[in-house]
Amino acid sequence: MAARQELQCVVLASFLLLEEILDDEEIGFKEEEDVSAFLLLQASKSLRNTGVRIHGFAENTVPRYPEPTFRTHFRMCKSTAERLIQLLGDCPEIPVFHERGRPPVKVDKQLFITLWYLGNPECIRSISDRFDVTKSTVYRVTRRVCKAIVTNLVPLFIKWPAGERVQEIIESFELFNGMPRCLGATDGTHIPIKAPRIHPEQYINRKSFHSMQLQLVCDNEMVLTDVYCGWPGAVHDARVLRNSPLNQAAEFQPNETFPGDSYLVGDCAYPLKTWLITGFKDNGHLTGRQRQFNYKLSSKRMVIERCIGLLKGRFRKLKVEMDIDRVEDLPVVIVAACCLHNLCIYSGEEIEDFIDPPEQDVNNFQNVFTNPQIASDKRKEIINLVCQ
C-alpha cells in the first residue's frame, strides 16, 4: 500500500513537471511514446529500491529469543546487551533524532546489527537481508556503533591496572606458578583483512594472507589491560611493540607503569627488557634450569593465549577476512570488539563456551636481539626464585 501511494505521488509530480515543460516553447515532445518514457524515467529515479528482505526480525523475533539462543547469536547475555544499550544511548555518535528524511535506526537495533556483524562470519548482504536494512546502512551502523564504543567505552573498560588491582594481579600470578611480581602477559595476533588498495604487499604475513597486527596485554582473569592495533601483518612483533604507547610508557614512566619492579611475560619474538621477561632461545644447549624456566614462563603465558582464543571465539568476525575497504576503519572495529570482550568478563559471563584452541604463531619470528645486562640480571633473579 505504501509503495502504491509513493508511486502515485511520483507520477503526479511528474505530470506537474511535464506541464511546466510543455508550456515552454523551446521544449517539446514529438510522439506520445516520448511522454510515457519521460514519466517512467522520472518514476524510476524517484522510487527507492526496496528489496525483498526479512521484516520484523530485530523488533519481533529477537525479543522472544530465550537466553541460550540470544547468547548463541549475539555472543553475550541479554542483560549485558541491555546494559550496553543504556551506555550507548547517550553517545553523540549514535543519532536518535532526525530533522528530515527517514528516521534513524533505533539504538537497540543498531547494537543488534553490530553484535551480529562481529559475532558471526556473515557478509554484509546477509546481515542486510536479516535486519531489513540496506547494505550501506549495515556498513554505516557498524562503523558508527564501533566508533561510539571506542570513544566512550574503551576508557572505562580497557584500563592499565593501578592501586589495589596491581597487588591482586601479582598475588594471583604468583599463586598460580610461583613467579613473583608478574603484572600480566602480552602477545600479538593477526586479524585477516581484505587486500588494501594501497601497498597491499605490506599486509601479507608469513602465512601468505593479508592481516593487521593486534597487540594485547591481559591480566590473570583474561581482562585486556592494553590494546594496540593498526600495523600491517608483515611487520615484526618487536617493531609493533617498540612503536606502541605501552613501550613509551614503560621506557619513560617505568615506576608508574610497572610499580614494585613488576613486569610482563612474553614469547621469544619480543626482546628481553626489565619490564618484559621472555624465555631462552632453544638452541639445543639449554641447561636444565633454563628449560624449567621456559616451561614455567610458557605456563604463565597461557593466559594471553586463552584470552586471544576467547576474543576470537566470541567475536568470530576476527577470524575471517573482514569485508572492510578502508584500512583506517579496521582498528576501530577490532578495538571495539576488545572492549566488548572486557565488558562480558566484567559482567560475569561464562567464558568456556566461546574459547577457541590456541592458534599457531603466524610469523614465527626468531629472537635475534642482544639482551641488555640489567634485563638478563633480572631474569636470573627470577630463575633463582622459581627454579629450585
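Residues numbered from 1 in each chain as written. Predicted model: local features only at pLDDT ≥ 70, side-chain atom pairs only at ≥ 80, totals over all residues. Heavy atoms only, no water.

### Structural notes on the overall build of the protein chain
Moving on, step 1. Scanning the protein chain from N- to C-terminus turns up 15 helices and five strands.
Moving on, step 2. When each of the 388 residues of the protein chain is scored for burial, the buried share is 48%.
Moving on, step 3. Across the protein chain, the fraction of contacts at a sequence separation of at least 24, relative to all contacts at a separation of at least 6, is 69%.
Moving on, step 4. Carbon together with sulfur atoms contributes 53% to the accessible area of the protein chain, which is approximately 20400 Å² in total. (Helix = DSSP H or I, 4+ residues; strand = E, 2+ residues; numbered from the N terminus. Buried < 20%, exposed > 50% of the residue type's maximum accessible area, 1.4 Å probe, protein only. Contact = heavy atoms within 4.5 Å. Areas by Shrake-Rupley, 256 points an atom, 1.4 Å probe, with all protein chains shown as cover.)

### Some thoughts on the packing of helix 4 (residues 67-74) against helix 6 (residues 107-119)
Moving on, step 1. Helix 6 packs onto helix 4 with a crossing angle of 65° between their chain directions and a minimal axis gap of 8 Å. The pairing of helix 4 with helix 6 is recorded here as roughly perpendicular in orientation. Contacts between helix 4 and helix 6 pair Phe70, His73 and Phe74 from the former with Phe112, Leu115 and Trp116 from the latter. (Axes fitted to C-alpha atoms, helices over the stretch in contact; angles between N-to-C directions. Parallel < 35°, antiparallel > 145°, perpendicular 65-115°, else oblique.)

### Things to note about the environment of Val133
Moving on, step 1. Among the secondary structure elements, Val133 is positioned in the loop between helix 7 (124-131) and helix 8 (135-157).
Moving on, step 2. Taking the C-alpha atoms as reference points, Val133 and Val105, 28 residues apart in sequence, are found 9.1 Å from one another.
Moving on, step 3. With residues up to four places along the chain from it excluded, the contact list for Val133 reads Arg53, Lys109, Ile113, Ser128 and Val138.

### Considerations on empty space enclosed by the protein
Moving on, step 1. Under the criterion given, the structure shown has one cavity of 30 Å³ or more.
Moving on, step 2. In this structure, the largest cavity spans a volume of roughly 30 Å³.
Moving on, step 3. What lines the largest cavity is Gly188, Gln213, Gln215, Asp237, Val240 and Tyr270.
Moving on, step 4. Residue assignment for the lining of the largest cavity shows that the elements contributing at least two residues are strand 2 (211-218) and helix 10 (237-242).
Moving on, step 5. Per-class residue counts for the lining of the largest cavity are two nonpolar, three polar and one charged. (1 Å grid on protein atoms, 1.4 Å probe; cavity = no way out; pocket = protein on both sides within 12 Å on 5 of 7 lines; lining within 4 Å. Points joined across faces, edges and corners; volume = space filled by probe spheres on them. Nonpolar A, V, L, I, M, F, W, Y, C, P; charged D, E, K, R; others polar.)

### Considering the environment of Leu318
Moving on, step 1. By secondary structure assignment, the location of Leu318 is in the loop between helix 13 (288-314) and helix 14 (330-346).
Moving on, step 2. Residue contacts for Leu318: discarding those within four places in its chain leaves Ile191, Pro192, Leu311, Lys312, Ile334 and Ala337.

### Description of the packing of aromatic side chains
Moving on, step 1. In this structure the tally under the stated criterion is 12 aromatic pairs.
Moving on, step 2. A centroid spacing of 4.8 Å and a plane angle of 35° characterise the contact between Phe70 and Phe74, whose relative ring orientation is tilted. Of the two residues, Phe70 and Phe74 both sit in helix 4, four residues apart, roughly one turn of that helix.
Moving on, step 3. Here Phe70 falls in the buried class, since its relative accessible area comes to 3%.
Moving on, step 4. Through a chain of ring-to-ring contacts, the aromatic side chains of Phe57, Tyr65, Phe70, Phe74, Phe112, Trp116 and Phe131 assemble into a single cluster.
Moving on, step 5. Between Arg130 and the ring centre of Phe57, over which it is positioned, the NZ or CZ distance is 5.2 Å.
Moving on, step 6. The ring of Tyr139 carries the charged tip of Arg143 above its face, separated from the ring centre by 4.0 Å. (Phe/Tyr/Trp six-rings, centres within 6.5 Å; stacked < 30°, edge-to-face > 60°. Lys NZ or Arg CZ within 6 Å of the ring centre and 35° of its normal.)

### A few points about the side chain of Asn247
Moving on, step 1. Along the polypeptide, Asn247 turns up in helix 11 (residues 245-252).
Moving on, step 2. Setting aside anything within four residues of it in sequence, one finds Asn247 in contact with Leu241, Arg242, Lys273 and Trp275.

### What about the nonpolar core?
Moving on, step 1. Core analysis: the largest hydrophobic core is formed by 101 residues, its most contacted members being Leu88, Phe131 and Phe293.
Moving on, step 2. Ranked by residues supplied to this core, first place goes to helix 14 with 12 residues.
Moving on, step 3. Not counting residues up to four positions away in its chain, the partners in contact with Phe293 are Met179, Ile277, Thr278, Gly279, Phe280, Arg379, Ile382, Ile383, Val386 and Cys387. (Core = buried A, V, L, I, M, F, W, Y, C linked by side-chain atoms within 4.5 Å.)

### Description of helix 13
Moving on, step 1. The terminal C-alpha atoms of helix 13 lie 39 Å apart, and with 27 residues this matches the ideal 39 Å at 1.5 Å per residue to within 8%.
Moving on, step 2. The largest bend in helix 13 is about 30°, located at Arg301. (Expected span 1.5 Å × (residues − 1). Bend = angle between axes of the 7 residues up to and from the residue.)

### What about the packing of helix 6 against helix 8?
Moving on, step 1. The geometry of helix 6 relative to helix 8 is characterised by a closest axis approach of 9 Å and an angle of 95° between their N-to-C directions. As far as their axial angle goes, helix 8 and helix 6 are roughly perpendicular. Contacts from Gln110, Ile113, Thr114 and Tyr117 in helix 6 reach Val138, Val141, Thr142, Arg143, Arg144, Val145 and Cys146 in helix 8.
Moving on, step 2. Here the residues of the contact of helix 6 with helix 8 are counted per class, giving six nonpolar, three polar and two charged.

### Notes on the sheet that holds strand 5 (residues 276-277)
Moving on, step 1. Judged by pairing direction, the sheet is mixed, and its five strands sit side by side in the order 3-2-1-4-5 without closing on themselves. Of all strands in the sheet, those with a lone pairing partner are strand 3 (224-232) and strand 5, marking the two edges.
Moving on, step 2. Bridge count for strand 4 (residues 263-265) against strand 5 is two bridges, and the pairing is parallel. Bridge pairing links Val265 to Ile277 in strand 5.
Moving on, step 3. Taken strand by strand, helix 13 contacts strand 1 (182-192), strand 2, strand 3, strand 4 and strand 5, and its axis lies near 50° from that of strand 1. (Pairing = 2+ DSSP bridges.)

### Describing unusual backbone geometry
Moving on, step 1. Although it is not a glycine, Arg75 adopts a positive phi angle of roughly 65°.
Moving on, step 2. With respect to the secondary-structure elements, Arg75 resides in the loop between helix 4 and helix 5 (78-89).
Moving on, step 3. Residue class for Arg75 comes out buried when judged on its relative accessible area of 6%.
Moving on, step 4. You will see that Asp261, though not glycine, has its phi angle at about 60°, which is positive.

Everything listed here is a matter of coordinates, which is why it stays silent on function.
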